[in-house]
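# Commentary on secondary and tertiary structure
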Amino acid sequence: MNQKSQALILGLITIFCWGSLATFSNLVIHLPPFYVLGVTFLFGALPAFFKPKQMFPNLKTTAVGVFGLFGYHFFLFYSFRYAPAVEANLINYMWPVLMVIISPVFFKNEKLFWYHIAGAVLAVIGCVVLVFGKGGELKSEYVQGYLLAAGAAITWPLYSMTKKKLPPVSVWAVGGFCLGASILSFLTHALIEPAVSLVAHDAWILLVMGLGPFGLAFYCWDLALSKGDTRLLGALAYLTPVLSTLGLVLFVGQTLAQTTVIAMVLIIGGASSGLLDFLPRKKVK
């Protein structure tokens, strides 16, 4: 199996793990967000404890990893507190579009074509429909949540592109990133959040989150970035909002308004436009 095939499989594993994140996050939404992040990042770091010498390769790479993971999940988790989960989640999943659009900024050999721009426009229209669709006006109580979700959408591609541009390091460095993000989360929790008495039901959810979306997904994504094309990985990620939204509807009791469905189609359609990169160029023209 060649590297591109390996990257594709690793990317799909990551996407299926991330597809469950919004559902799990909402199942423990009653817990303080920094506490949840601290616990799940700690579980995510555990596999790398078997390779402790490879967890912290150098200061620059470690800082990018720690603040990338911590920053993205800070924005995402808090967006669910201030806006409807389905809508915040879809805005967050603008990141595949942004990942395709900004790739040429980081990598000069990756070029933008008309369909990349068209995809970005579709996704932006989808976000406008999502935000203004209910009643035709922007609800002020949701603005903070929408902005936090947009922060997540910007943070993840910036982290991914920056990480790929740095000198390659062992995949076990991801464990060091998770450990650093866990420490930051616990410190913030101790400073600004109330103490938590954890019950068994919540503990199991946090364990699954830590081993899946915060564990396996990060290691697979790191390997996929090192082996594959960032545009393909960004385009494939359009599957994630579909899985996430279905999970929220089926397991958390969220409802889908007609405008939300329209917005989802536009955002996913915009994100998936990057798949045209892998058709023969004559067909695309």
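Each remark here, short or long, concerns the structure printed above.
Overview of the structure. Nothing here was measured: the structure is a model prediction, and the numbers come from that model. (Residues numbered from 1 in each chain as written. Predicted model: local features only at pLDDT ≥ 70, side-chain atom pairs only at ≥ 80, totals over all residues. Heavy atoms only, no water.)

## Structural notes on the overall build of the protein chain
Note the following rule: In this text, helices come from DSSP runs of H or I with a minimum length of four residues, and strands from runs of E with a minimum of two, each type numbered from the N-terminal end. Each residue is assigned to one of three classes by its accessible area relative to the maximum for its type, calculated with a 1.4 Å probe on protein chains only: buried under 20%, partly exposed between the two thresholds, exposed over 50%. Contact definition: two residues touch when any of their heavy atoms are within 4.5 Å.
Within the protein chain one finds 14 helices and zero strands. Along the chain direction, N to C, the helices and strands of the protein chain fall in the order α-α-α-α-α-α-α-α-α-α-α-α-α-α. A total of 285 residues make up the protein chain; the buried ones form 53% of that total. Sequence separation of 24 or more characterises 90% of the internal contacts of the protein chain that already satisfy a separation of 6 or more.

## A look at the layout of surface pockets
To be explicit about the condition: Here a cavity denotes a set of grid points, spaced 1 Å apart and computed over the protein atoms alone, in which a 1.4 Å probe fits but from which it cannot get out, and a pocket denotes an open set meeting protein on both sides within 12 Å along at least five of seven lines; residues with an atom within 4 Å of a point are reported as lining. Grid points are joined across faces, edges and corners, and a volume is the space filled by probe spheres set on the points.
Estimates place the volume of the second largest pocket at around 160 Å³. What lines the second largest pocket is simply Thr61, Lys163, Lys164, Leu166, Pro167, Pro168, Val169, Val171, Asp222, Leu223, Leu225 and Ser226. When residues of the lining of the second largest pocket are traced back to their parent elements, those giving at least two are helix H8 (143–165) and helix H10 (200–227). Looking at the lining of the second largest pocket, the element that brings in the most residues is H10, giving four residues.

## Focus on helix H1 (residues 3–18)
Every α-helix winds through 3.6 residues per turn, so residues three or four apart in the chain are directed the same way. This is how it is decided: A helix's residues, less one, multiplied by 1.5 Å, set its expected span. Arc definition: directions from the helix axis to the C-beta atoms.
Taking 1.5 Å per residue, 16 residues should reach 22 Å; H1 reaches 22 Å between its end C-alpha atoms and fits that length. Restricting attention to buried positions, one finds in H1 the residues Ala7, Leu10, Gly11, Thr14, Ile15, Cys17 and Trp18. Viewed along the axis of H1, the buried residues span an arc of 155 degrees, placing them on a single side of the element.

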